[in-house]
Amino acid sequence: MRLSRFFLPILRETPKEAEIVSHRLMLRAGMMRQEAAGIYAFLPLGLRVLRKIEQVVREEQNRAGAIEMLMPTIQSADLWRESGRYDAYGKEMLRIEDRHEREMLYGPTNEEMITEVFRAYCRSYKDLPLNLYHIQWKFRDEVRPRFGLMRGREFLMKDAYSFDVDYAGARHAYNRMFVAYLRTFARLGLKSIPMVADTGPIGGNLSHEFIILASTGESEVYCHKDYLDFPVPDESVNFDDVVGLQSIVDKWTSLYAATSEKHEAAEFAKLPAEKQVSARGIEVGHIFYFGTKYSEPMKAVVSGPDGIERAVHMGSYGIGPSRLVAAIIEAFHDDAGIKWPEPVAPFKVAILNLKQGDGATDAACETLYRDLAAKGVDALYHDLDERPGSKFATADLIGVPWQVVIGPKGLASGTYEVKKRADGSRETLSPAATLDLLSR
RNA sequence: CGGAGCAUAGCGCAGCCUGGUAGCGCACCUGCUUUGGGAGCAGGGGGUCGCAGGUUCAAAUCCUGCUGCUCCGACCA
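Residue indices begin from 1 for each chain and proceed along its sequence in written order. Chain letters and ligand numbers both follow the written order, the letters beginning at A and the numbers at 1. Only residues with pLDDT of at least 70 get local features here, since the model is predicted, and only at 80 or more are side-chain atom pairs given and counted; chain-wide, interface and lining totals rely on the full set of residues. Hydrogen atoms and water are omitted, and side-chain values are computed over all heavy atoms in the structure.

Engineer: Teacher, can you tell me more about the overall build of chain A here?
Structural biologist: Secondary structure assignment for chain A yields 13 helices and 23 strands. Computed over C-alpha atoms, the radius of gyration of chain A comes to 24 Å, within 12% of the 22 Å expected from 2.2 N^0.38 for 440 residues, which places it in the range of a compact globule. Principal axes of the C-alpha set define a box for chain A whose edges measure 80 × 60 × 40 Å. With residues, only the protein chains shown are counted as cover, and all accessible areas are computed by Shrake-Rupley using a 1.4 Å probe. Counting every atom, chain A has about 19400 Å² of accessible surface; 50% of that belongs to carbon and sulfur. The numbering of helices and of strands both runs from the N terminus, where a helix is a DSSP run of H or I of at least 4 residues and a strand a run of E of at least 2. It is over C-alpha atoms that the radius of gyration is taken, and the globule rule equals 2.2 Å times the number of residues to the power 0.38.

Next up, the structure:
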C-alpha cells in the first residue's frame, strides 16, 4: 500500500479524552474514531489489525473443532423470556422496538439464540458433540464506558457454544476451548494466564478467565510466577485426545491463579515469596461450562442411546477481538508509539523514502516495494513528500514491525537501513539481503 | 447511578472573572528554500464560540434550562 493512496489520519497531538495508552495511540495512529460514548468506527489501519486478530482466533477455533456460523445482532425479546433473562439482564441490554412495536434487543450475547438454533435441528446424541461459534458485534450498555476500546459499549466478540450429551463430554469441549485459547493468545504474541473466575450473570460452576498482565490492566490479579514460562501446546496438539487435553488443562490449572473476586489471600500466601505475582491484568477471554441452564428451560434435548431425552450440557467461550486490539497495544508500546507483534501488524514492513522526488531513492523504493509485493509481503510505502523526521515518527507511531530506510546516504554505498521496531535495532543491508530478511 | 469537570477552527489550548473587531500553536492551501529523527521564511483559507431561552444598546463572556463528552466511585466481556 502506498501511503499516498491510503487513509491514515495521524494526529500529532493527543485528543484530551484519551486517558490510557492504547486509547491515545489508537486515536493518534488513525486507527479508530469515537462516534459516541463507547462506540467507535474502525479506520483502515485499525481494521487491518482487527481482521488479523479475528483470523488468528478463527483459525484456532477451527483447529479445535468449532464450526463458524453467523447470528444476527438483533434478537427477539421472546427468546430471552424463555430463558428468563429478559428481565434479569437489566439495563445493560439495549432494548429496541420495531415498527410493529415488537420488542427486540441488540444482542449482548447469544446463548438463547444458539440454543434455539440447536433445538430446531438436533434431536439425537448422534448429533453431538457440537461446537458452533460466530464473530459478531455485541452491545452492552455499560453505565460507564471508558478506556477506549477496552471498555466500549459496542464490541466485537467471538463466542462459541458447545453442546454435549453429558458432563464428561462437556468437560472435554471445555478443555478444547481452554487449549485453543492458550494457543490463540500465544499466537497473538501474548502471555495469557487462565484464572479461576466468577461466573457472573451467565451462571454455571466451571469458568476461567484468560488474563494478560499489563500495568494498565483493569483488575488486580494474583498468580504463581511459573505460569509465565509454561509451554503453550504447539499445533500438533490432538484435540480429540481426551486424556491428553485434560493433562494440559490440569497442568495449566495446577498452580495458584485468581482474579481479585476469587482471590484467597491465605492460599496465595502459601506460595514462596519469589513466586508470588501480584499484578494488573486485562481479561481477553472467558470460558464457561454452565450445564443445562439454558437447555432445560428452552427444551434443547436429545435422545440418548437408551431412548431417554435429556437436556444437553452446554458451555460458552468468548474472546473479544476488538478489546484485544487495545490489550495488545497496552502490552506492546513505548513512548514513540505502538510495537505490533508481527502476526497482528497492519503491515509487515514500512518503506521510508527519505528523499521523495530524488530519482535514485524513488527508484530504489519502488523496486523494493514491488519485490516485496511479489513475495506476498504486505508493505506500506511512505511515499509522501515529508521530511525524514516526520516519516520516522509516523512509522514508529503506527508500529509496523520492520522499517526499511532508504535515502541518498545509504544508496551511496548501495545499502538500506533496516530497523526492527520491537527493539530498535538497526542493520545496514544490501537490497538483496533486505528482501531476503523480510520475505522470510 | 452518586461525585467532579469540560464543551471556542481538524487536534491541543487562550479569551470568560471585569460584556464592546474571536485569538495562539500544530495541521491545511500557495510560493521559495530545505531534506537521515516531527524544517525555515513569506502569503492564505477555515468559526452559527455545544443547543435553546433570558438580561442588555451590545453576550464566547452574565443568568436559566437542556444535550454531549471526560474523570473518580459503584458495576462489567
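Engineer: I would appreciate a short explanation of the nonpolar core in the present structure.
Structural biologist: For soluble globular proteins, nonpolar side chains are generally found buried alongside one another. Nonpolar core, defined: a set of buried Ala, Val, Leu, Ile, Met, Phe, Trp, Tyr and Cys residues in which side-chain atoms within 4.5 Å join the residues together. Each residue gets one of three labels from its accessible area relative to the maximum for its type: buried under 20%, exposed over 50%, partly exposed in between, using a 1.4 Å probe on protein chains only. With 85 residues, the main nonpolar core has Met31, Ile53, Tyr181, Phe185, Leu188, Val325 and Trp340 as its most contacted residues. Take this core: its biggest share by element is 10 residues, from helix H6 (residues 167-187). Not counting residues up to four positions away in its chain, the partners in contact with phenylalanine 185 are Leu190, Ser192, Phe210, Val284, Gly285, Ile319 and Leu324. Membership of the second largest hydrophobic core comes to 25 residues, among which are Ala77, Phe118, Phe288 and Tyr294. Any two residues whose heavy atoms approach within 4.5 Å are treated as being in contact.

Engineer: How should the pairing of strand E23 (residues 426-429) be read in this particular structure?
Structural biologist: Strand residues, when the strand is regular, have side chains that alternate between the two faces of the sheet. For two strands to be treated as a pair, DSSP must find no fewer than two bridges joining them. Bridging between strand E22 (residues 416-420) and E23 involves four bridges; their strand directions are antiparallel. Residue pairing in the sheet places tyrosine 416 in a bridge with leucine 429 of E23. In sequence, E22 turns back onto E23 through a hairpin of five residues, with glycine 424 there showing a positive phi of about 75 degrees.

Engineer: Where do I start with the packing of helix H2 (residues 44-63) against H6 in this structure?
Structural biologist: Packed helix pairs are characterised by how far apart their axes lie and by the angle those axes make with each other. Only the stretch in contact is used when fitting a helix axis, every axis being a line fitted to C-alpha atoms; angles between N-to-C directions are given from 0 to 180 degrees. Where H2 meets H6, the axes come as close as 9 Å, and the angle between the chain directions of the two elements is 150 degrees. By the angle class used here, H2 and H6 are roughly antiparallel. Crossing handedness for the pair H2 and H6: right-handed. Between H2, through Val56, Val57, Glu59, Glu60, Gln61 and Arg63, and H6, the contact on the second element is made entirely by Met177, Ala180, Tyr181, Arg183, Thr184 and Arg187. Along the lines of polarity and charge, the residues of the contact of H2 with H6 split into five nonpolar, two polar and five charged. Each angle gets one of four labels, with under 35 degrees taken as roughly parallel, over 145 as roughly antiparallel, 65 to 115 as roughly perpendicular, and the rest as oblique. It is the rotation of the near helix from the far one that decides the hand of a crossing: anticlockwise by less than a right angle makes it left-handed, clockwise makes it right-handed. Residue polarity follows a fixed list, in which Ala, Val, Leu, Ile, Met, Phe, Trp, Tyr, Cys and Pro are nonpolar, Asp, Glu, Lys and Arg are charged, and the others, Gly among them, are polar.

Engineer: Explain the sheet that holds strand E6 (residues 103-106) here, please?
Structural biologist: In a beta sheet, neighbouring strands pair by backbone hydrogen bonds and run either parallel or antiparallel. With antiparallel pairing, three strands are arranged side by side in an open sheet as E4-E6-E5. Looking along the sheet, the strands with just one partner apiece sit at the ends: strand E4 (74-76) and strand E5 (94-97). Direction aside, neighbouring strands of the sheet carry axes that sit 40 degrees apart on average. Note that E4 and E6 share three bridges and pair antiparallel. When the bridges of E6 are listed, isoleucine 74 appears paired with tyrosine 106.

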